Number of protein chains: 2
Amino acid sequence: MLTIKEIAERANVSRTTVSRVINNAGYVSEEAKRKVLKVIEETGYIPSENAKSLRTKKTKVIGVILPKISTETSSRLVKGLDEIFAKEGYQILLANTNLNPEKEIEYLKLLKSRHVDGIILSATNINQSLVEEIYQLKIPFVMVGQHISGMANVLFDDYQASKDMIQFFIHKGYQNIAFIGVTEEDRSVGYLRKLGYLDAMKENQLAVEESWVQTGIFNVDSGYECMKTIMATTKRTPDAVLAVTDRLAIGASQYIKDKGLCIPKDIAVAGMGGSELARHISPPLTTIDFSVEEAGREAASLLLEQINGGNYHETIKTIKYRLLERSSI
Amino acid sequence: MLTIKEIAERANVSRTTVSRVINNAGYVSEEAKRKVLKVIEETGYIPSENAKSLRTKKTKVIGVILPKISTETSSRLVKGLDEIFAKEGYQILLANTNLNPEKEIEYLKLLKSRHVDGIILSATNINQSLVEEIYQLKIPFVMVGQHISGMANVLFDDYQASKDMIQFFIHKGYQNIAFIGVTEEDRSVGYLRKLGYLDAMKENQLAVEESWVQTGIFNVDSGYECMKTIMATTKRTPDAVLAVTDRLAIGASQYIKDKGLCIPKDIAVAGMGGSELARHISPPLTTIDFSVEEAGREAASLLLEQINGGNYHETIKTIKYRLLERSSI
DNA sequence: CTTCTATCTGGAATCGATTCCACAAAAAAA
DNA sequence: TTTTTTTGTGGAATCGATTCCAGATAGAAG
């Protein structure tokens, strides 16, 4: 591996001068510049970012902690992040926790040890020890999808989105609306979306039968099972169902169709997440698109602000969502 | 930021001793060890990976160059990579070329300057200057999805997969098989899959009408348009169609259904890629799953072999695919 | 009692860049 | 012509770790 020292020797100048040429800074004569560039060209010398960042304390790397790699949400988020970061010459260092809370703290430390210029954390449930770790991080930081007070946050309005969807059902004439959720430990998808559903029903004086509210996990089969349970245990068959993810909704739809019922005539279905899947199943699924790329771009911008300006005060950006009306309602 | 020097002072030992304790190497008395660990505990000191890797020449970072972030293939690949790398303590540094060939070379250099321990490149089309750049890289390297001689390669058998699918159509009694491809500049998806189709047809002495072979781009709408073109321009309506991606196939299916035709009775449809989408549309799409996660794991393992053992000879791993038979045929 | 080996420790060099500072030469201002 | 400013250059310190090496001490072997 070529070093700046060798370049300096070959060009018959000092390391200092080579550095100046590379960084285009300080006084360098045309003559010296020419010589150095020639040697660099000939040798294909590439300066070590590593050594550079040891001195300058800047790595041009952003750490991104994800709860799951390979989900549509994660990859849309990363896409949005990269759109902004790449433009500014930053690269993304991935950290996948696989929903393991201990790994979140571990990676936070690892990223710090790598001197990333900033960290973006997308988490589904946050515990006290994680929050404490974050507070003493002293690195530009943006939280996505969950709120941590005092920090920069990019949030989705899960509560309102869920409420809106119920309102939309009601507006379309449905009254007996069932709900397929996930564990409330997941604050956004589990807790808030359920709360939105319950509140919307209450505000409209609509009764919610206990068997209408089921809790599944994040996949299609679970949606199928939940819908089956609803139909098997209810006294009053619902005329609509909201699932908190598109997958669950697709599973539910599947069961409804398997039962020989018609969507939306017998039972209307809505999902949440705006996945590509939703658009192409039949009937196309009404869902809520949370503009995850936009969230990524927003988070990246907030982080860059911190890196450049250094304003660390609490920020909350709520990302707009869109209700995508399709023929499942 | 705390440094090893401060820890040494506080623990009343030398930096050397602190380093020994951290790395659990060399002779350290229990007494000294205890003192150092105590100080580290109290201060929350995290050693700088950056400084460390400057000296040791190891970063524990793998550069991954992707043609597109946020596609199902990319995210499945990264998932597979991460499964292996995380176990060994490596992290992934992302580089997204957005299908821009110049960026591939640029990122190759950038990753080298960052002293990543290895590079994984997933590319759709490779040009001469890229190949040259790779040859003089002198870093552990694995190519995914395309073949570069002399290097380690993880490949998908696009040609055979395509052929198999045609054979499957024929086996099921279809003879007039249309084809929706993409530009042949994309060697795997464009060129090889088309070749597989043409060869399979030829070997079975089946005629291919010119209008049956259409070229689209990577999205659903394009599949719709291609199918429309086929139906509008053909003299003999095909009874089956193979599309080189699931999206294209879904678009084609859409058109067929919109036309009031029945899948597979009137026209059978198959896609390629094994996307999740394919399973949930109706009718479920027959497709080929290329086990992209497996490719990721394989690529990661090959890279680790190079990093640890240093065997740089040409390797070719062909990843198995599965034909997923569903009711679209 | 001497010699050898194992254990323990820290000073100093090193990795490959940037940057402070001192100094020299040339150009501009007085 | 003298003084000041601008331009150009390189030596040496620095970033925060690891690691070579030399030296000290203690215990084992002869």
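See the structure above.
Because the structure is predicted, anything quoted here is derived from the model rather than measured. (Residues numbered from 1 in each chain as written. Chains lettered and ligands numbered in written order. Predicted model: local features only at pLDDT ≥ 70, side-chain atom pairs only at ≥ 80, totals over all residues. Heavy atoms only, no water.)

Topic: the protein's contact with DNA strand D
And then number 1: Of all residues adjacent to DNA strand D, which total 29 residues, the nearest are Arg20(A), Ile4(B), Ser19(B), Ser48(B) and Arg55(B).
And then number 2: When the atoms of DNA strand D within 4 Å of the protein are grouped by moiety, sugar and phosphate amount to 58% of the total.
And then number 3: Contact distances for DNA strand D include 3.0 Å between a phosphate oxygen and a side-chain N or O atom of Tyr45(B).
And then number 4: Ala51(B) places a main-chain nitrogen or oxygen 3.3 Å from a base nitrogen of DNA strand D.
And then number 5: Secondary-structure elements contributing two or more residues to the surface near DNA strand D are α2 (15–23) and α4 (49–56) of chain A together with α2 (15–23) and α4 (49–56) of chain B.
And then number 6: Considered class by class, the residues forming the surface near DNA strand D number ten nonpolar, eleven polar and eight charged. (Near = heavy atom within 4 Å. Polar contact = N/O pair within 3.5 Å; in protein donor to acceptor, adjacent residues only side chain to side chain. Helix = DSSP H or I, 4+ residues; strand = E, 2+ residues; numbered from the N terminus. Nonpolar A, V, L, I, M, F, W, Y, C, P; charged D, E, K, R; others polar.)

Overview of the packing of helix α1 (residues 4–11) of chain A against α2(A)
All names here are of chain A.
And then number 1: Running from amino to carboxyl end, α1 crosses α2 at an angle of 105 degrees, the nearest separation of the two axes being 8 Å. Relative to α2, the element α1 is oriented roughly perpendicular. Every residue of α2 that contacts α1 at Ile4, Lys5, Ile7 and Ala8 is listed here: Arg15, Val18, Ser19 and Ile22.
And then number 2: Considered class by class, the residues forming the contact of α1 with α2 number five nonpolar, one polar and two charged. (Axes fitted to C-alpha atoms, helices over the stretch in contact; angles between N-to-C directions. Parallel < 35°, antiparallel > 145°, perpendicular 65-115°, else oblique. Contact = heavy atoms within 4.5 Å.)

A look at empty space enclosed by the protein
A water-sized probe rolled over the atoms picks out the places where empty space is left.
And then number 1: Counted under the stated rule, the structure contains three cavities of 30 Å³ or more.
And then number 2: Here the largest cavity defines a volume of roughly 260 Å³.
And then number 3: The wall of the largest cavity is formed by 16 residues, among which Asn50(A), Val61(A), Arg114(A), Val61(B) and Arg114(B) lie closest to the centre.
And then number 4: For the lining of the largest cavity, the secondary-structure elements that each account for two or more residues are α4 of chain A together with α4 of chain B.
And then number 5: Here the lining of the largest cavity is composed, by residue class, of six nonpolar, six polar and four charged.
And then number 6: If you trace the second largest cavity, you find 14 residues lining it, with Ser75(A), Val78(A), Ile69(B), Ser75(B) and Val78(B) closest to the centre.
And then number 7: Tallied by class, residues from the lining of the second largest cavity come to eight nonpolar, six polar and no charged. (1 Å grid on protein atoms, 1.4 Å probe; cavity = no way out; pocket = protein on both sides within 12 Å on 5 of 7 lines; lining within 4 Å. Points joined across faces, edges and corners; volume = space filled by probe spheres on them.)

Considering the protein's contact with DNA strand C
And then number 1: Near DNA strand C you find 27 residues, and of these Ile4(A), Ser19(A), Ser48(A), Arg55(A) and Arg20(B) are the closest.
And then number 2: Restricting the count to atoms of DNA strand C within 4 Å of the protein gives a sugar and phosphate share of 59%.
And then number 3: Measuring from a phosphate oxygen of DNA strand C, one finds a side-chain N or O atom of Asn23(A) at 2.8 Å.
And then number 4: Here a phosphate oxygen of DNA strand C and a backbone polar atom of Ser48(A) are 2.4 Å apart.
And then number 5: Mapped by element, the contributors of at least two residues to the surface near DNA strand C are α2 and α4 of chain A together with α2 and α4 of chain B.
And then number 6: Element by element, the count of residues in the surface near DNA strand C is highest for α4(A), at five residues.
And then number 7: In the surface near DNA strand C, the residues fall into ten nonpolar, ten polar and seven charged.

Thoughts on the sheet that holds strand β6 (residues 177–182) of chain A
Residue and element names in this part refer to chain A.
And then number 1: A sheet is described by the order of its strands in space; here four strands give the open sequence β7-β6-β8-β9, paired in parallel fashion. Of all the strands in the sheet, just β7 (213–216) and β9 (268–270) have a single pairing partner and so form its edges. Each strand of the sheet is rotated relative to its neighbour by a mean of 20 degrees, with strand direction disregarded.
And then number 2: Note that strand β8 (residues 240–243) and β9 share three bridges and pair parallel. Bridge assignment links Val241 to a residue of β9, and that residue is Val269. (Pairing = 2+ DSSP bridges.)

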